[in-house]
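Fold and contact review
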Amino acid sequence: MKKNKLFLREWRKALALSLRGLAELAEVDFAAIDKIERGKRDPRLSTLIALADALGIEVQRLFSAPPERRRGNKQ
């Protein structure tokens with residue numbers, strides 16, 4: 001069974017959040033987020049929901065890359 005790619009790190013970086021910053025916002029252990037980002041742990045649905053909420057996006061958007069920001073254009 002093929003796993004879907006999770007773009008958690010890309011979303012976190014696109015929103016200029018540190019690993020610890022996201023962990024605080026999502027109330028998820030930063031070590032767990034690190035393992036999820038590195039593909040060492042599969043997240044629970046409740047964790048995906050918490051992470052998406054902290055990032056201000058819908059859960060399904062975690063499975064696609066964030067839009068690229070244009071230079072000089074803050075979104």
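Structural data are supplied above this passage.
Quick notes on the rules
- Residues numbered from 1 in each chain as written.
- Predicted model: local features only at pLDDT ≥ 70, side-chain atom pairs only at ≥ 80, totals over all residues.
- Heavy atoms only, no water.
- Phe/Tyr/Trp six-rings, centres within 6.5 Å; stacked < 30°, edge-to-face > 60°.
- Lys NZ or Arg CZ within 6 Å of the ring centre and 35° of its normal.
- Salt bridge = Lys/Arg side-chain N within 4 Å of Asp/Glu carboxyl O.
- Helix = DSSP H or I, 4+ residues; strand = E, 2+ residues; numbered from the N terminus.
- Buried < 20%, exposed > 50% of the residue type's maximum accessible area, 1.4 Å probe, protein only.
- Arc of directions from axis to C-beta.
- Polar contact = N/O pair within 3.5 Å; in protein donor to acceptor, adjacent residues only side chain to side chain.
- Core = buried A, V, L, I, M, F, W, Y, C linked by side-chain atoms within 4.5 Å.
- Contact = heavy atoms within 4.5 Å.

Notes on the packing of aromatic side chains
Tallied over the full model, the rule gives zero aromatic pairs. In this structure, K5 is placed above the aromatic ring of F7, and the distance from its NZ or CZ to the ring centre is 4.8 Å. Lying over the aromatic face of F30, R20 brings its terminal NZ or CZ to 3.7 Å of the ring centre.

Here we look at the pattern of salt bridges
Tallied over the entire structure, the rule returns four salt bridges. Between R9 and E37 there is a salt bridge; the shortest N-O distance is 3.3 Å. Here the residue R9 occupies a position in helix α1 (residues 8–14), and E37 occupies one in helix α3 (residues 30–37), the gap between them amounting to 28 residues. Of the residues examined, R9 reaches a relative accessible area of 29% and is grouped as partly exposed. Overall, the relative accessible area of 13% leaves E37 in the buried class. With a closest N to O distance of 3.0 Å, R38 and D34 form a salt bridge. Given a relative accessible area of 24%, D34 falls into the partly exposed group. Overlapping salt bridges bring together R9, R12 and E37 as one network.

Section: α3
Looking only at α3, the buried set comprises A32, I33, I36 and E37. Buried positions in α3, seen along its axis, are confined to an arc of 135° and lie on one side of it. Sitting at the head of α3, D29 places a side-chain oxygen 3.2 Å from the backbone nitrogen of A31.

Concerning the nonpolar core
L8, L22, I33, L55 and L62 are the most contacted members of the largest nonpolar core, which has 19 residues in total. Elements with a contribution of two residues or more to this core: α1, α2 (19–26), α3 and α4 (45–55). At five residues, α4 tops the list of elements feeding residues into this core. For L62, the contacting residues outside a window of four places in its chain are K5, L6, F7, L8, W11, L48, A52, L55 and I57.

Examining unusual backbone geometry
At A16, a residue that is not glycine, the phi angle is positive and equals roughly 55°. Inspection of the secondary structure puts A16 in the loop between α1 and α2. Positive phi outside glycine occurs at E27, with the angle close to 55°. Inspection of the secondary structure puts E27 in the loop between α2 and α3.

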